[in-house]
Amino acid sequence: MSTPVVSIEHVGEHAGKEVSIRGWLYNLRESGKLLFPIFRDGTGIIQGVISLKEHPDAFNAAKGLTQESSVVVTGKVAAEARAPGGYELHVSALEVVQRVSESQPYPIQLKEHGVDFLLDQRHLWIRTPRQASILRIRAEAERAARNFMDSQGYTLTDAPIFTPAACEGTTTLFEVDYIDDQKAYLTQSGQLYVEATAAALGKVYCFGPTFRAEKSKTRRHLTEFWMLEPEAAYAHLEDMMALGEGLVSAMVQECVKNRARELEMLKRDVSKLEKIKPPFPRIMYEEAIKVLNENGNPAKFGDDFGGDEETIISKNFDKPVIIHRYPAAMKAFYMATDAARPELSLSFDMIAPEGYGEIIGGGERLSSYETVIERLRQNNLPEESFQWYLDLRRYGSVPHAGFGLGLERTVAWICGTEHIREVIPFPRMLYRVYP
Ligand code: ATP
Ligand code: MG
């Protein structure tokens, strides 16, 4: 019987048995007649022991082997409480698939490097256990988000990336040359399109990349980021606040449950994440202004909240906080207003704890044809480009609502990373489109 090939994350299921692991040499410590290599295979790391006396061929193949050389190793799995992951591999055979040349060593050493250097090496940086853990948590968060939306009866309807016009203001638009002399823009949000699919299918969402030519150089802005955008016909502000609460809780709890090892690798304080369950605190925009003033911040009615304001407000809560009914003048043209207080919009933002800022923005949409026309004009948006959108108000307009959840902001908070650039495989930022 041939030796089974196993992934490091499942190695514990083979304790006492011989297995093969296909991966790379992450590190090597030599100590006389013993070698202590650390292998990685993308699912985890495991320490090996190779003895010259018992397995001279394996010993000679591994001795002096360069970091990140690719290897297939075979050995017996042994429980070892002190080893990372709880197991080690008593290596009996080692096949080098490709040896990294001494003359061109792997550029990322096991020491601290500057972040600009690491970003230039992003295609390699993602191999380090910390970065790989973050990407696995991101995948878990995406899966949890989709599962949750599907379980709530929402249908995934993908929105286009090339669009004919802006929907979130023209200052952050990427213009591209389309075919012949046409211009197109990279989407800033799929929202207008999910309004159309919601009228067709009822409850829908899109989940894909969006683009903003953000000139802001903060730890929470990328120029390309992923957004999950639900939209539901016959839904109101209240429905969307509840949906957002459920979605965020599901994403966090699934990561806590299924990515415990990765969160531990990141040294994340999981007790903070375990508390993230509905209901979340809700305050009106006007109350948020009061909280800010009490904390020495001079914000007044009509001001937008930046990172500093969001951090002050979120400090009062150990769960995400929902701020609703922002001044109508501050919000996008499609936002509905509160009949009781027309100066307020039926909008909400959700602010993550621990200073991670806004993770959701959304609310109820305008349903009247006349009001949408009026708002397009006020915002200097080209009416011709919005004829299809106006059709949604001409033909069976209904109250409807939705929101956009920023995937990277949410994952950065779950992982506890300092900057959101680490939570997307290849970040696109103000001065970076390489690699
Ligand atoms: P902010 O004011 O924080 O820049 P916004 O209000 O412009 O964000 P929305 O248009 O409400 O953002 O987008 C919905 C969500 O998408 C936000 O709540 C946030 O989670 C995410 N998001 C927005 N812009 C970015 C960005 N440049 N990089 C990463 N995520 C973003
Ligand atoms: Mg917003």
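Student: Help me understand the site of ligand 1, please; the structure alone is not making it clear to me.
Tutor: Lining the immediate environment of ligand 1, one finds 16 residues, of which Arg 212, His 221, Leu 222, Glu 358 and Arg 409 sit closest. Between ligand 1 and His 221, the relevant distance is 2.6 Å, taken from an oxygen atom to a side-chain nitrogen or oxygen of the residue. In the environment of ligand 1, an oxygen atom lies 3.1 Å from a nitrogen or oxygen atom belonging to the side chain of Arg 409. Taken by itself ligand 1 offers 580 Å² of open surface, and the protein chains cover 84% of this. Of all the elements in the fold, those that place two or more residues in the shell around ligand 1 are β11 (224-233), β17 (357-364) and β18 (400-406). Broken down by element, the shell around ligand 1 gets its largest block of residues, four residues, from β17. Split into classes, the residues belonging to the shell around ligand 1 amount to six nonpolar, four polar and six charged.

Student: Mind showing me how you'd approach the pairing of β18 here?
Tutor: Regular strands have side chains that alternate between both faces of the sheet. Taking burial as the measure, the seven residues of β18 include seven buried ones, the bulk of the element. Covered by surrounding structure in β18 are His 400, Gly 402, Gly 404 and Gly 406 together with Ala 401, Phe 403 and Leu 405, the residues of both alternating faces. Here β11 pairs with β18 via five bridges, running antiparallel. The residue of β18 that forms the bridge with Ala 232 is Ala 401.

Student: In this structure, what is going on with the environment of Leu 34? I would like to understand it.
Tutor: Among the secondary structure elements, Leu 34 is positioned in strand β2 (residues 34-40). Considering only alpha carbons, one finds Leu 34 and Glu 264, 230 residues apart in sequence, at a separation of 29 Å.

Student: Honestly, unusual backbone geometry in this entry has me stumped. Any pointers?
Tutor: For residues other than glycine, phi is negative in most cases, and the peptide bonds are mostly trans. Along the chain, Pro 278 connects to Pro 279 via a cis peptide bond; the corresponding omega equals 0°. Along the polypeptide, Pro 279 turns up in the loop between α8 (270-274) and β12 (282-284). The linkage connecting Tyr 434 with the following residue, Pro 435, adopts the cis geometry, with an omega of -5°. Look at Glu 354: it is not a glycine, yet its phi comes out positive at around 60°. As for its placement among the helices and strands, Glu 354 is situated in the loop between β16 (347-352) and β17.

Reading guide: rules and limits
Residues numbered from 1 in each chain as written. Chains lettered and ligands numbered in written order. Predicted model: local features only at pLDDT ≥ 70, side-chain atom pairs only at ≥ 80, totals over all residues. Heavy atoms only, no water. Near = heavy atom within 4 Å. Polar contact = N/O pair within 3.5 Å; in protein donor to acceptor, adjacent residues only side chain to side chain. Areas by Shrake-Rupley, 256 points an atom, 1.4 Å probe, with all protein chains shown as cover. Helix = DSSP H or I, 4+ residues; strand = E, 2+ residues; numbered from the N terminus. Nonpolar A, V, L, I, M, F, W, Y, C, P; charged D, E, K, R; others polar. Buried < 20%, exposed > 50% of the residue type's maximum accessible area, 1.4 Å probe, protein only. Pairing = 2+ DSSP bridges.

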